[in-house]
Amino acid sequence: MSKSPAAHATIYLKDYKEPDFLIKTVDLTVELGEADTIVTSRLDLARNNAAAKKLSLNGEYLELVSVAMDGRTLEAAEYEVDGKHLTLNIPAKTDGFHLDIKTRIKPQENTALEGLYKSSGNFCTQCEAQGFRRITYYLDRPDVMAVFTTTIIGDATRYPVMLSNGNLTAEKILSDGRKSVTWHDPHPKPAYLFALVAGDLAMVEDSFTTRSGRDIKLRIFVEKGNEDKCGHAMTSLKKSMKWDEEKYGREYDLDIFMIVAVSDFNMGAMENKGLNVFNSKYVLASPETATDADFDGIESVIAHEYFHNWTGNRITCRDWFQLTLKEGLTVFRDQQFSADMNSAAVQRIGDVQRLRAAQFPEDAGPLAHPIQPQSYVEINNFYTATVYEKGAEVIRMIHTLLGEEKFRKGMDLYFERHDGQAVTTEEFVSALEGGSGVDLTQFRRWYVTPGTPEITVNEKFDEKTGTYKLTLQQSNAKAGADFKPLHIPLRMGLLDENGKAIAFTEGPFKGKNSGVFDLTKKRETFTFAGLKSPPRASLFRGFSAPIKINQQMDDRDLAFFFAKDEDLFNRWDAGQRLANNIILKQIEKQDETAALPEAFMEAFADILADKDLDRAFTAAALTLPGEQDIAQKMPVVDVDAIHKVREGARRQIGLRFEEEWRRLYDECSCAAAPANQPESSSRKLKNTALTYLIATGKEDYVGLADRQYRASDNMTDSVAALSGLKDITHPVREALFADYYDKWQKDALVIDKWFMLQAMAVRASTIADVKALMDHPAFTLRNPNRMRSLIGAFASGNPVYFHERSGEGYRILSGVIAALNKTNPQIAARLVAPLGQWRRYDAERQGLMTAELEKILKLPDLSDHVYEMANKSLHN
Ligand code: TRP
Ligand code: ZN
């Protein structure tokens with residue numbers, strides 16, 4: 001078996017060239033075996049470049065058995081094989097020809113979970129981005145689109161279920177007793193959308209009738225015993241199919257849509273044509289085993305993968321630099337869908353929280369890149385919060401600038417022009433321009449500009465003329481000296497001193513309370529006339545652009561918007577800014593017991609008393625910014641001070657409103673949820689109350705958590721009880737964690753939560769606990785979910801102990817990176833980012849963190865994946 005050399009070569013967008021040859025059809029036969037698997041492929045090729053003399057096919061970790069051209073088996077001297085390619089000479093006159101290629105692979109030994117591998121005894125594939133080259137030699141690039149016919153042959157009892165893309169065309173038992181099935185996918189597709197699954201799986205079936213009246217079979221395949229946990233995924237799928245028809249006019253295009261849930265999966269899920277493969281975490285759920293947040297995650301990931309059928313599969317990427325073409329757009333669509341299915345304001349708050357928690361630090365650190373990167377070493381490292389989440393914000397801004405109707409016209413033109421093609425983000429933007437008639441020339445800069453723009457706000461009111469002048473200035477620390485201003489949509493409204501909306505008196509939004517203005521210059525002034533008194537401007541409503549705002553506002557101003565803004569997102573955001581300011585001041589004072597300002601307490605009291613708000617919104621509004629959020633606002637992050645002060649504030653809020661928290665706790669547990677709100681909103685608020693009650697430090701509330709856990713009939717309440725107690729050392733805590741393990745040890749997804757809660761505990765024994773958990777019989781680095789639940793949660797979710805002074809936290813992480821570098825480099829590379837934030841910490845921690853990065857760079861057989869992340873983290 002050939003091994004890939006670790007070259008660490010950089011690939012550039014500017015070097016893109018069309019392929020020399022195209023592949024029209026692929027006939028694959030995959031013979032699944034217990035020791036190895038034989039893949040035979042017949043490729044029908046056509047010349048695409050008259051001057052090309054050689055055909056170079058991608059292939060890695062393959063054993064070439066034979067290769068024939070137009071029926072003639074080639075001799076070893078007629079081709080070249082290295083660790084990455086199979087290269088053939090193609091005579092100049094040859095236009096069309098076919099190749100028969102036979103390779104041997106060992107899926108049983110594939111721990112990278114890329115290509116064909118085994119999970120819980122079943123075969124499955126993951127081909128995005130470049131996994132197909134681990135199955136057979138191929139032109140493994142998204143601009144080569146072929147019609148696939150796939151025959152799977154294997155043991156009929158071990159693998160009664162055999163699936164691939166498209167429609168089933170043949171099924172038989174061979175003379176040797178093996179089973180053979182054939183699938184044909186009529187839609188030409190790139191190899192990254194190929195999938196194959198074989199195993200002894202259970203099936204849950206339903207159907208969907210499209211608006212044109214076609215009946216689509218919907219099938220979810222899971223490991224046996226999980227059939228009763230597919231209901232929510234199936235409902236989510238049907239809702240997604242209906243929504244895409246109504247919102248975008250997009251109907252499904254095969255007779256069957258299949259989802260397979262697998263236990264070992266590097267990411268969330270994969271949109272393979274007609275055969276989505278999912279991390280079981282995003283399929284399996286019952287109220288007893290999954291939290292409300294898990295249910296939401298399933299709904300959005302099912303939608304995301306389904307929506308890829310049009311945005312990704314029917315229209316795909318020309319090359320991997322265009323990844324945001326499908327990912328940013330599809331995240332935007334899944335966010336829109338979730339906003340339509342649930343509370344739009346709560347959904348938006350969650351989307352922005354995720355963006356700020358994951359994307360802002362990325363964009364401010366050494367791994368910053370534009371949503372369309374210009375170069376990479378390993379493409380898997382670019383499935384980032386920037387490409388996905390900021391990419392979605394960029395699409396959202398286009399939507400905001402165009403408005404609903406013109407956006408739809410633009411999307412219609414995009415589908416009309418490019419259906420069946422592999423395109424660039426430029427082609428997307430120009431279709432949106434063409435369909436809407438809106439000029440996006442300057443807007444295009446968002447695609448190539450790294451860093452989060454910062455907007456500095458200046459306000460002036462002229463009493464005499466009654467005019468208010470709003471001056472906004474753009475800057476961007478990452479974009480360099482020749483920074484060119486971006487086209488930024490500013491959704492805003494004005495309020496009077498009582499918080500009442502003031503309608504605009506002139507301009508395009510005359511008579512309206514809110515409007516979208518175009519900010520296009522480095523410094524720009526907007527003038528509003530006809531005002532009696534100085535207005536208060538509510539800016540960037542709904543987070544109308546992914547920016548940081550720099551605005552002089554004191555506690556009273558922020559409390560005003562927290563209480564009055566008609567834009568719920570800005571209400572929440574004002575509360576967060578207020579809390580952030582207060583916590584940062586307490587940190588400066590080095591005093592976590594100093595009384596919180598009255599303005600803040602009163603603002604909190606008002607929200608607590610407001611019964612008209614959605615309970616999930618109330619819960620979000622009453623939750624302090626997270627420790628990592630606060631950290632982003634400190635010049636040098638002090639994890640211990642942040643934790644101490646934030647906990648001190650929670651204790652004060654707990655004590656001050658103890659009666660109200662108790663009332664809310666009871667109200668939300670007993671009474672039925674308000675008619676227009678889901679039960680999950682009540683649970684959210686109830687559990688927010690619980691955490692504040694526990695924060696009082698009173699023993700009674702340990703008892704309350706204990707009772708909640710013991711009486712709970714749902715995972716949301718069980719996890720909330722454990723989470724509330726995780727930081728204390730108390731017999732009740734130990735008893736509940738032991739009980740949970742006992743009760744759920746057979747359910748991997750439930751046990752993942754047990755590892756995660758302990759990884760995030762902030763108490764003296766945490767480091768020792770994490771080390772002991774790594775030796776726990778149920779722990780393994782081989783399963784990505786389990787690894788992330790302990791190591792990922794520790795490194796990204798426990799700042800106090802990950803950054804513990806001795807450096808032990810850093811050493812734990814780098815040890816895991818070293819181990820995974822050998823078995824699963826994709827996952828290993830994703831763990832590097834927390835160390836990459838070293839510049840944000842004090843000198844001592846910087847030294848410890850960079851020492852681990854240096855160690856990682858010296859690892860033997862360092863993968864491209866880990867190399868790129870560690871090298872950039874250290875030197876960028
Ligand atoms: N295209 C997938 C999605 O966003 C992402 C994905 C799944 C992926 N598995 C992967 C990307 C493995 C890289 C490697 O829906
Ligand atoms: Zn996606």
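Not measured: the values here are computed from a predicted model.

A.B. asks: Would you mind showing me how to read the overall build of the protein chain here?
C.D. replies: When helices and strands are counted, the protein chain shows 26 helices and 32 strands. The globule rule puts the C-alpha radius of gyration for 876 residues at 29 Å, and the 28 Å found for the protein chain is close to it. The principal-axis extents of the C-alpha atoms in the protein chain amount to approximately 90 × 65 × 60 Å. Expressed as a percentage of its 876 residues, the buried residues of the protein chain come to 60%. Per element, the accessible surface of the protein chain, about 34100 Å² overall, is 50% carbon and sulfur.

A.B. asks: In this structure, what is going on with the UniProt feature "domain: Aminopeptidase N-like N-terminal" (unreviewed entry) in the protein chain? I would like to understand it.
C.D. replies: UniProt tags residues 45-193 as "domain: Aminopeptidase N-like N-terminal" (unreviewed entry). With 0% helix and 51% strand, residues 45-193 has its two end C-alpha atoms placed 19 Å apart.

A.B. asks: Would you mind showing me how to read the packing of aromatic side chains here?
C.D. replies: Each pair of aromatic rings is reported with the distance of its centres and the angle of its planes. Following the criterion strictly, the structure yields 42 aromatic pairs and no others. Plain terms: the ring middles of tryptophan 243 and phenylalanine 337 are 5.7 Å apart, the flat faces sit at 80 degrees to each other, and that makes the pair edge-to-face. Note that tryptophan 243 is positioned in helix 1 (residues 231-248) and phenylalanine 337 in helix 3 (residues 323-341), a separation of 94 residues in sequence. With respect to class, tryptophan 243 is no different from phenylalanine 337; both count as buried.

A.B. asks: Whenever I open this one, the site of ligand 1 confuses me. Can you help?
C.D. replies: Near ligand 1 lie 15 residues; those nearest to it are Glu128, Ala269, Glu271, Glu305 and Tyr388. In this structure, glutamate 128 approaches ligand 1 through a side-chain N or O atom, which is 2.5 Å from a nitrogen atom. Interatomic distance of 3.4 Å between a side-chain N/O atom of histidine 304 and an oxygen atom of ligand 1. Put simply, the parts of the chain that give the shell around ligand 1 at least two residues each are strand 20 (269-270), helix 2 (292-307) and helix 3. Among the residues making up the shell around ligand 1, the classes are represented as 5 nonpolar, 5 polar and 5 charged.

A.B. asks: Is there a simple way to explain the sheet that holds strand 32 (residues 548-550) in this structure?
C.D. replies: Two pairing modes exist for strands in a sheet, parallel and antiparallel, and in both the strands are linked by backbone hydrogen bonds. An order of 30-26-25-32 is seen for the 4 strands of this open sheet, with the pairing classed as mixed. If you trace the sheet from one side to the other, it starts and ends with strand 30 (523-528) and strand 32, each paired once. On average, each strand axis in the sheet is tilted by 25 degrees relative to the strand beside it, whichever way the strands run. Two elements, strand 25 (residues 454-462) and strand 26 (residues 467-475), share 9 bridges in a ladder whose sense is antiparallel. The partner of glutamate 454 across the bridge, within strand 26, is serine 475.

A.B. asks: Would you take a moment to explain the sheet that holds strand 17 (residues 201-209) for this structure?
C.D. replies: A sheet is described by the order of its strands in space; here 5 strands give the open sequence 17-18-19-21-20, paired in mixed fashion. Two strands in the sheet have a free side with no partner beyond their single neighbour: strand 17 and strand 20. Inspection of the sheet shows strand 20 paired to strand 21 (residues 275-279) by 2 bridges, in the antiparallel sense. The residue bridging alanine 269 from the neighbouring strand is phenylalanine 278, located in strand 21. On the sheet, helix 2 packs against strand 19 (256-262), strand 20 and strand 21 and is oriented at approximately 150 degrees with respect to strand 21.

A.B. asks: In this structure, what is going on with the coordination of the zinc ion (ligand 2)? I would like to understand it.
C.D. replies: Six octahedral donors around a metal ideally subtend angles of 90 or 180 degrees, whereas four tetrahedral donors ideally subtend 109.5 degrees. Here the zinc ion (ligand 2) is held by His304 (NE2), His308 (NE2), Glu327 (OE) and Glu327 (OE), and the distances to it run 1.9 to 2.7 Å. In this structure, the zinc ion (ligand 2) is surrounded by 6 donor atoms whose angles at the metal cover 47 to 161 degrees, and the resulting shape is irregular. The sequence pattern describing where the donors of the zinc ion (ligand 2) fall on their chain is H-x3-H-x18-E. Of this pair, histidine 308 sits in the loop between helix 2 and strand 22 (316-317) while glutamate 327 is found in helix 3, placing the two residues 19 residues apart along the sequence. A single burial state applies to histidine 308 and to glutamate 327, both of which are buried.

A.B. asks: Explain helix 17 (residues 731-744) here, please?
C.D. replies: Because an α-helix completes one turn every 3.6 residues, residues spaced three or four positions apart along the sequence face the same direction. Between its first and last C-alpha atoms helix 17 spans 20 Å; for 14 residues at 1.5 Å apiece the expected length is 20 Å, and the two agree. Burial in helix 17 covers these residues: Val732, Arg733, Leu736, Phe737, Tyr740, Tyr741 and Trp744. Looking straight down helix 17, one finds its buried side chains confined to an arc of 165 degrees; they lie on one side. Of the exposed residues in helix 17, those oriented more than 90 degrees away from the buried face are Pro731 and Asp742. Looking at the buried positions of helix 17, the neighbouring elements they touch are helix 15 (699-711), helix 16 (715-725) and helix 18 (748-759).

A.B. asks: Would you mind showing me how to read the domain arrangement of the protein chain here?
C.D. replies: Frequently, the measure chosen for interface size is the accessible area removed from exposure when the parts meet. Here the protein chain is described as being made up of domain 1 (11-200), domain 2 (316-448), domain 3 (454-545), domain 4 (555-697) and domain 5 (745-876). Each of domain 1 and domain 3 was reduced to a C-alpha centroid, and the two centroids are 56 Å apart.

A.B. asks: Just to check I follow, could you spell out the environment of glutamine 758 for this structure?
C.D. replies: Considering the arrangement of structural elements, one finds glutamine 758 in helix 18. Of the residues examined, glutamine 758 reaches a relative accessible area of 12% and is grouped as buried. Counting along the chain gives 31 residues from glutamine 758 to aspartate 727, while the straight-line C-alpha distance between them is 8.6 Å.

A.B. asks: Is there a simple way to think about the pairing of strand 26 in this case?
C.D. replies: Remember that side chains alternate between the two faces of the sheet whenever the strand is regular. The loop that links strand 25 with its antiparallel partner strand 26 comprises 4 residues; one of these, glycine 466, has a positive phi angle of about 70 degrees. Pairing of strand 26 with strand 30 involves 6 bridges; the strand directions are antiparallel. Looking across to strand 30, one finds that lysine 469 is bridged to threonine 527.

A.B. asks: Could you clarify how one ought to interpret the pairing of strand 17 in this entry?
C.D. replies: Taken together, the 9 bridges between strand 17 and strand 18 (residues 215-223) define a ladder with antiparallel strand orientation. Its bridge partner lying in strand 18, leucine 201 is registered against glutamate 223. Linking two consecutive strands that pair antiparallel, namely strand 17 and strand 18, is a turn of 5 residues; a positive phi of about 95 degrees is found at glycine 213 within it.

A.B. asks: Got a minute to help me understand the side chain of aspartate 292 in this structure?
C.D. replies: By secondary structure assignment, the location of aspartate 292 is in helix 2. Dropping the residues within four chain positions of it, aspartate 292 is found in contact with Ser680, Arg683 and Thr716.

A.B. asks: What should I look at first to understand the packing of helix 18 against helix 20 (residues 784-797) in this one?
C.D. replies: Two quantities define a packed helix pair, namely the angle between the axes and the distance from one axis to the other. Running from N to C, helix 18 and helix 20 point in directions that differ by 15 degrees, and their axes come no closer than 8 Å. Between helix 18 and helix 20, the angle falls in the class roughly parallel. Along this stretch, helix 18 crosses helix 20, giving a crossing that reads as right-handed. On helix 20, the residues that touch Ala748, Leu749, Ile751, Asp752, Phe755, Met756 and Ala759 of helix 18 are Asn785, Arg786, Ser789, Leu790, Ala793 and Phe794. Per-class residue counts for the contact of helix 18 with helix 20 are 9 nonpolar, 2 polar and 2 charged.

What counts as what
- Residues numbered from 1 in each chain as written.
- Chains lettered and ligands numbered in written order.
- Predicted model: local features only at pLDDT ≥ 70, side-chain atom pairs only at ≥ 80, totals over all residues.
- Heavy atoms only, no water.
- Helix = DSSP H or I, 4+ residues; strand = E, 2+ residues; numbered from the N terminus.
- Rg over C-alpha atoms; globule rule 2.2 N^0.38 Å.
- Buried < 20%, exposed > 50% of the residue type's maximum accessible area, 1.4 Å probe, protein only.
- Areas by Shrake-Rupley, 256 points an atom, 1.4 Å probe, with all protein chains shown as cover.
- UniProt positions renumbered as here; feature names shortened; annotations may be inferred.
- Phe/Tyr/Trp six-rings, centres within 6.5 Å; stacked < 30°, edge-to-face > 60°.
- Near = heavy atom within 4 Å.
- Polar contact = N/O pair within 3.5 Å; in protein donor to acceptor, adjacent residues only side chain to side chain.
- Nonpolar A, V, L, I, M, F, W, Y, C, P; charged D, E, K, R; others polar.
- Pairing = 2+ DSSP bridges.
- Axes fitted to C-alpha atoms, helices over the stretch in contact; angles between N-to-C directions.
- Contact = heavy atoms within 4.5 Å.
- Donors = N, O, S within 2.8 Å, 3.2 Å for Na, K, Ca; no water.
- Tetrahedral: all angles 85-135°; square planar, octahedral: opposite > 155°, others 65-115°.
- Expected span 1.5 Å × (residues − 1).
- Arc of directions from axis to C-beta.
- Domains from an automatic or database assignment.
- Parallel < 35°, antiparallel > 145°, perpendicular 65-115°, else oblique.
- Left-handed = near helix turned anticlockwise from the far one by under 90°.

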